[in-house]
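As a plain string of letters, each chain reads:
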Amino acid sequence: MTVVTRFAPSPTGYLHIGGARTALYNWLFAKHHAEYGSGGRFLLRIEDTDRKRSTEDAVAAILDGLKWLGLDWDGDAVSQFTMAGRHAEIARQLLDEGNAYKCYCSPEELQEMRDSARAEGRKTMYDGRWRDRDPADAPPGVDPVIRLRAPHNGETVIPDMVQGEVKVNNGELDDMILLRADGSPTYMLAVVVDDHDMGVSHVIRGDDHLTNAFRQIQIYHGLGWEVPQFAHIPLIHGADGAKMSKRHGALGVDAYRDQGFLPEAVCNYLLRLGWSHGDDEIIRRDQAIEWFALESVGKSPAKFDVDKLTSLNGHYIREAEDARLVDLVMPLLARSLDGGLAEDTESRLAKGMAGLKERAKTLLELAESAEIYAMTRPLSLNEKAAEMVEGDGRAHLTSLRGRLADVATWSHEALETAVRTYAETAELKLGKAAQPLRAALTGRTVSPSIFEVIEILGRAEVLGRIDDVLKDG
RNA sequence: GUCCCCUUCGUCUAGUGGCCUAGGACAUCGCCCUCUCACGGCGAAAACACGGGUUCGAGUCCCGUAGGGGACGCCA
């Protein structure tokens, strides 16, 4: 049997990190079955029935986020709103079959019902006052809502692939609204109908939907439809232990992109947040597809830890192709240097990327360290670097300038030999000579191997940068 | 308040009754490597929420307590 999963975000904002993980798990589960089972498809449905809160921008942001993460969906994204007619038709069917009824309560009346129930410590449920009332009693001029005639006795159980069997007494559940007074479907009805119509076999979503599943199962039963497999994955919590919500500082995936994270790092991190495969930490996508199973999803919520994401990101940066990193860094450099890039920045970066990427944990750090190849003369030295080219440092620099000018073959081996020879003759530790050089050539006290930097910058630029420093002061 | 769920190092987790003196990863701290910073290597510190059972034996099973979370909309 083919596995069909779906990701069903409501377009009220960006794709936040929790949603991204839900999408990842759905995608992985479908891909796993596509490659190792008897087929799998991953669908995308935009839950835009709330017209007031849904926006085009949000839809675009969500699609963008998924694409950035590399989570491609099968077929076109489905707009739930466009299915409203179908939803109403099903509500009508339920009504005709006696599994639903019209309720003429006003929103105010319901609010009172809830308020007094809570005040008295009772469950805040609809009391079913129109469940068996004669429709002839309907107040004139009031558009009714349609409610499900839910069972009052027995229990409803969710066989959940992550949470196990979760049960509730039907007495705890009230008759939910399926169709609003204006004829539009509620979320509960719409999800069930759409999942059924789209042939969804596995509903993998956040744990905050677990209690919704009870009600949805009742709708499936009312319709006589087969209930899909459920898998409610634990939520991601913020540092304070509460659910990561948008108003809680949860960031959109675009924010992580802007902070210099690679999509593969974000995916790897998200995958490991709540799921594990023994002691494995670095898990490439193809490996994830092979290994992913709902059985190994944990049951407890996890806190988001940027440090670990950052560490993973450093790993993936080191592993990334140099050319790709150059492409990612160039626009960042253009921005930070305000367009004033050295002419051969790109070719220098191509040569220097191997040394650069080893030292960066984010693309932002990478771009910052890459500035040494992009800046035009004269460089401005930071405070510590400026100190380093004073006094002894200045003297060494002067000597070193001469030695470098005389190096026959401009290779980092020959350059290193030249500098080492100088240090030995002057009876210096290599660092005493290397640091002033680094300061003069990069304006900083930290950089890739200074010999590599010298080679890449080229003789003219190197001598020029040294002269700039020796000139002033 | 009611219902549902969760509980192993600071964090993510391994662990499915004996292999646990509880393993790995991130973070932290030391040492090594070293032209700086990283990377890498080695090492340290760090956890089974608590209380009862069941069992020859419990981190692993059961019950309770505490703590945390989620859901209780004509939102999704």
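(A) Here's a closer look at the protein's contact with RNA strand B. Taken together, 69 residues lie around RNA strand B, and Asp 50, Arg 180, Arg 438, Ser 447 and Ser 449 are the ones closest in. Sugar and phosphate atoms represent 67% of those atoms of RNA strand B found within 4 Å of the protein. Between RNA strand B and Arg 420, the relevant distance is 2.8 Å, taken from a phosphate oxygen to a side-chain nitrogen or oxygen of the residue. At a separation of 3.3 Å, a base nitrogen of RNA strand B approaches a polar backbone atom of Ile 450. Elements represented by at least two residues in the surface near RNA strand B include exactly helix H4 (107-119), strand S7 (164-169), helix H5 (187-197), helix H6 (210-223), strand S12 (302-303), helix H10 (306-319), helix H17 (430-442) and helix H18 (450-457). For the surface near RNA strand B, the leading source of residues is H17, giving five residues. Counted by class, the surface near RNA strand B contains 21 nonpolar, 22 polar and 26 charged residues.

(B) Local environment of the confidence of the model for chain A. When pLDDT is averaged along chain A, the result is 93; 98% of the residues meet or exceed 70. At the low end of the mean pLDDT range in chain A sits H4, at 82; at the high end sits strand S1 (residues 3-7), at 98.

(C) Structural context of the sheet that holds strand S4 (residues 100-103). Across the sheet, three strands lie side by side as S4-S5-S8; this open sheet has antiparallel pairing. Strands at the two margins of the open sheet, each flanked by one partner only, are S4 and strand S8 (177-179). Strand-to-strand twist of the sheet, defined as the mean angle between neighbouring strand axes without regard to direction, takes the value 45 degrees. The sheet contact formed by S4 and strand S5 (residues 145-148) spans four bridges and is antiparallel. Residue Cys 103 lies in a different strand from S5, and its bridge partner there is Val 145.

(D) Region of the structure containing helix H15 (residues 392-406). Helix length check: H15, at 15 residues, gives a terminal C-alpha distance of 22 Å against a target of 21 Å (1.5 Å per residue), a fit within 8%. Buried-residue contacts for H15 involve helix H14 (383-388), helix H16 (412-425), H17 and helix H19 (459-471).

(E) Examining H17 more closely. Relative to the 18 Å expected for 13 residues at 1.5 Å per residue, H17 spans 18 Å between its end C-alpha atoms, a close match to the ideal helical length. What H17 keeps buried is the set Ala 433, Ala 434, Pro 436, Leu 437, Arg 438, Ala 439, Ala 440, Leu 441 and Thr 442. Looking at the buried residues of H17, the elements they touch are helix H13 (363-374), H14, H15, H16, H18 and H19. Just downstream of H17 lies Gly 443, where phi reads positive at about 80 degrees.

(F) Region of the structure containing the side chain of Ser 184. Within the secondary structure layout, Ser 184 lies in the loop between S8 and H5. The class of Ser 184 is buried, set by a relative accessible area of 19%. At 2.7 Å, the side chain of Ser 184 and the side chain of Asp 182 are in polar contact. Setting aside anything within four residues of it in sequence, one finds Ser 184 in contact with Leu 178 and Leu 179.

(G) Representation of the environment of Tyr 104 within the structure. Among the secondary structure elements, Tyr 104 is positioned in the loop between S4 and H4. With 204 residues separating them in the primary sequence, Tyr 104 and Lys 308 have C-alpha atoms 54 Å apart. Ignoring sequence-local partners within four residues, the contact set of Tyr 104 consists of Trp 130, Ala 138, Pro 139, Val 142 and Pro 144.

(H) Looking closely at unusual backbone geometry. A cis amide bond, omega -10 degrees, links Arg 377 with the succeeding residue Pro 378. Secondary-structure assignment places Pro 378 in the loop between H13 and H14. With a phi angle near 55 degrees, Glu 427 is a residue other than glycine that sits in the positive phi range. Note on placement: Glu 427 falls in the loop between H16 and H17. Taking the relative accessible area as the measure of exposure, Glu 427 reaches 72% and is therefore exposed.

(I) Region of the structure containing the pattern of salt bridges. All chains considered together, the criterion is met by 28 salt bridges. As a salt-bridge pair, Lys 308 and Glu 281 come within 3.3 Å of each other at their nearest N and O atoms. Linking Lys 308 in helix H10 with Glu 281 in the loop between helix H8 (263-272) and helix H9 (285-291), this pair joins segments that are 27 residues apart in sequence. Residue classification places Lys 308 among the partly exposed positions, given a relative accessible area of 38%.

(J) How the structure looks around the pairing of strand S2 (residues 40-46). With six of seven residues buried, S2 is to be regarded as a mostly interior element. Two strands pair when backbone bridges link them, and S1 and S2 are joined in this way by five bridges, in the parallel orientation. The residue bridging Val 4 from the neighbouring strand is Arg 41, located in S2. Tracing the backbone out of S1, into helix H1 (residues 17-36) and back to the parallel element S2 gives a crossover that is right-handed.

(K) Representation of the sheet that holds strand S3 (residues 78-79) in the model. Read from one edge to the other, the open sheet built from three strands follows the order S1-S2-S3, with strand pairing classed as parallel. Looking at the sheet topology across the chains shown, the edges are occupied by S1 and S3. As defined by bridge partners, S2 adjoins S3 across two bridges and the pair is classed as parallel. Across the sheet, the residue bridging to Arg 45 is Val 78, located in S3. The strands touched by H1 within the sheet are S1 and S2, with S1 carrying the most contacts at an inclination of about 165 degrees.

Procedures and definitions
- The written sequence of each chain sets the order in which its residues are numbered from 1.
- Lettering for chains starts from A, numbering for ligands starts from 1, and both go in the order in which the items are written.
- With pLDDT at 70 or above as the cut-off, local features in this predicted model cover only qualifying residues; side-chain atom pairs require 80 or more to be listed or tallied, and sums for whole chains, interfaces and linings still use all residues.
- Note that water and hydrogens are dropped before the side-chain values are worked out from all heavy atoms of the structure.
- Each residue is tested against the molecule or strand, and it is near if at least one of its non-hydrogen atoms lies within 4 Å.
- Any N or O atom pair separated by 3.5 Å or less is treated as a polar contact, with the protein-specific requirement of one donor-capable and one acceptor-capable atom, and with residues adjacent in sequence counted only for side-chain atom pairs.
- Secondary structure counts use DSSP, requiring at least four H or I residues in a row for a helix and at least two E residues in a row for a strand, with both numbered from the N terminus.
- Put simply, Ala, Val, Leu, Ile, Met, Phe, Trp, Tyr, Cys and Pro go in the nonpolar bin, Asp, Glu, Lys and Arg in the charged bin, and everything else, Gly too, in the polar bin.
- What pLDDT reports is the predictor's confidence in each residue, on a scale of 0 through 100.
- Two strands make a pair as long as DSSP finds a minimum of two bridges between them.
- Geometry is summarised by axes, namely lines fitted to C-alpha atoms with helices restricted to the contacting stretch, and by angles between N-to-C directions that run from 0 to 180 degrees.
- Expected helix span is taken as 1.5 Å per residue step, with the number of steps being one fewer than the number of residues.
- Throughout, a residue-residue contact means that at least one pair of heavy atoms, one from each residue, lies within 4.5 Å.
- Only protein chains enter the accessibility calculation, which uses a 1.4 Å probe; a residue whose area is less than 20% of its type maximum is buried, one above 50% is exposed, and one in between is partly exposed.
- A pair is scored as a salt bridge if a Lys or Arg side-chain nitrogen falls within 4 Å of a carboxyl oxygen belonging to Asp or Glu.
- A right-handed crossover is one whose linking path, passing over the helix from the first strand to the second, runs clockwise when the strands point away from the viewer.

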